[in-house]
Amino acid sequence: MTVIDTHTGGEPTRVVLSGGPELGTGPLRERRERFAGRFDRFRSAVANEPRGSDVTVGALVCEPEDATCAAGVIFFNNVGYLGMCGHGTIGLVVALGRLGRLRPGEHRIETPVGIVTVTWHGDSRVTVLNVPSHRARKGLTVEAPGLGAVTGDVAWGGNWFFLAESPGLALRLDRVEELTDYCWRLRQAVNAQGFPEVDHVELFGPPAAPGAHSRNFVLCPGRAYDRSPCGTGTSAKLACLAEDGKLEEGREWVQESILGSRFTGRYRRRAEGGIEPAITGEAFVNAETTLLLDPADPFCWGIRK
């Protein structure tokens, strides 16, 4: 498989250009289901050890069903498949730009949860006009074993999130193990409370550097934390801020990750409800390589989770 590796704010994306499974045609949502049902070993081979790691996000480039789109993409990670991926879309665009498949300017990218519009600024910067985002539940209180009562919001930003203020835990790299354990327990409690679709947990606290509005810690479905500020998570946060009247339409929100990398977000309201978030971030190419799949290798298809 021919791949390009990028990182967006520290979070890796492995863009699969060729050699992946043949998924046929049709809506990307159906092709993602075909991928999961018949070719899941390819996901494991790309994202899991020994070629990948728990933090690797794969982006399989597909022919779009919509002819107005420059590309289609299916995102996946160490344990399964994602609806949308903000950092991954930024990495995808920079990778395709490097190959000359995209020119600077505006393009449409098809994902399993809808079409997103991207603007490649001709360098490392990409702006993603994400899928419509909204808050589904405000002020949900759950009882988590060992944590007590925790209150937060359930919101959609291309993936489902539970968003809450950090309970006094410092959002620093030296506290990652504690933060991971806290968010994992919290996710189980949210799922048990009747929100099984929530697979991301996002904690917020004050920023560490001037110019940012907030710092976050995002735990992803496979128990790895997001090194970037999380594009879909920032979209979900913007939806909550908009509904609470804490951020004006069009005004910038600078979201800082646990590494200190940043996304700049803004939104516009939709007449149908919810918002259209726009997220700007930077991605850099790390490698252009070929992944070899040797049937004699006992771990050819990855170490499955």
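Residues numbered from 1 in each chain as written. Predicted model: local features only at pLDDT ≥ 70, side-chain atom pairs only at ≥ 80, totals over all residues. Heavy atoms only, no water.

**Q** Looking at this structure, I do not really get the packing of helix 1 (residues 28-38) against helix 2 (residues 40-47). What am I missing?
**A** Closest axis-to-axis distance for the helix 1/helix 2 pair is 5 Å, and the angle between their directions is 85°. With respect to their mutual orientation, helix 1 and helix 2 come out roughly perpendicular. In contact with Phe35, Ala36 and Arg38 of helix 1, helix 2 contributes Asp40, Phe42 and Arg43. Across the contact of helix 1 with helix 2, the residue classes tally to three nonpolar, no polar and three charged. (Axes fitted to C-alpha atoms, helices over the stretch in contact; angles between N-to-C directions. Helix = DSSP H or I, 4+ residues; strand = E, 2+ residues; numbered from the N terminus. Parallel < 35°, antiparallel > 145°, perpendicular 65-115°, else oblique. Contact = heavy atoms within 4.5 Å. Nonpolar A, V, L, I, M, F, W, Y, C, P; charged D, E, K, R; others polar.)

**Q** Mind showing me how you'd approach the packing of aromatic side chains here?
**A** Each aromatic ring pair is specified by the distance between its two centres and by the angle formed by the two planes. Across all of its chains, the model carries seven aromatic pairs by this definition. On the basis of an interplanar angle of 70° and a centroid distance of 5.2 Å, the ring pair of Phe42 and Trp301 is categorised as edge-to-face. One end of the pair, Phe42, is in helix 2; the other, Trp301, is in the segment after strand 15 (275-290), with 259 residues separating them in the sequence. Its relative accessible area of 13% is what places Phe42 among the buried residues. Classification of Trp301 as partly exposed rests on a relative accessible area of 23%. Centroid distance Trp156 to Trp160: 5.5 Å. Interplanar angle 55°. Geometry classified as tilted. Residue Trp156 is classed as buried on the basis of its relative accessible area of 17%. By way of ring pairs, the aromatic residues Phe35, Phe76 and Tyr81 are connected into one cluster. In this structure, Arg227 packs its charged tip against the face of Tyr225, placed 3.8 Å from the ring centre. One residue, Lys237, lies across the ring of Phe204, its end atom 4.1 Å from the ring centre. (Phe/Tyr/Trp six-rings, centres within 6.5 Å; stacked < 30°, edge-to-face > 60°. Buried < 20%, exposed > 50% of the residue type's maximum accessible area, 1.4 Å probe, protein only. Lys NZ or Arg CZ within 6 Å of the ring centre and 35° of its normal.)

**Q** What is the right way to read unusual backbone geometry from this model?
**A** Most peptide bonds take the trans configuration, and most residues that are not glycine carry a negative phi. In this structure, the amide linkage connecting Glu49 to the following residue, Pro50, adopts the cis form with an omega of 10°. Position of Pro50 relative to the elements: it lies in the loop between helix 2 and strand 3 (57-62). Of note, the phi angle at Arg223 is positive, near 75°, even though the residue is not glycine. Examined against the element boundaries, Arg223 turns out to sit in the loop between strand 12 (214-219) and helix 5 (231-243).

Nothing here speaks to function; it is geometry throughout.
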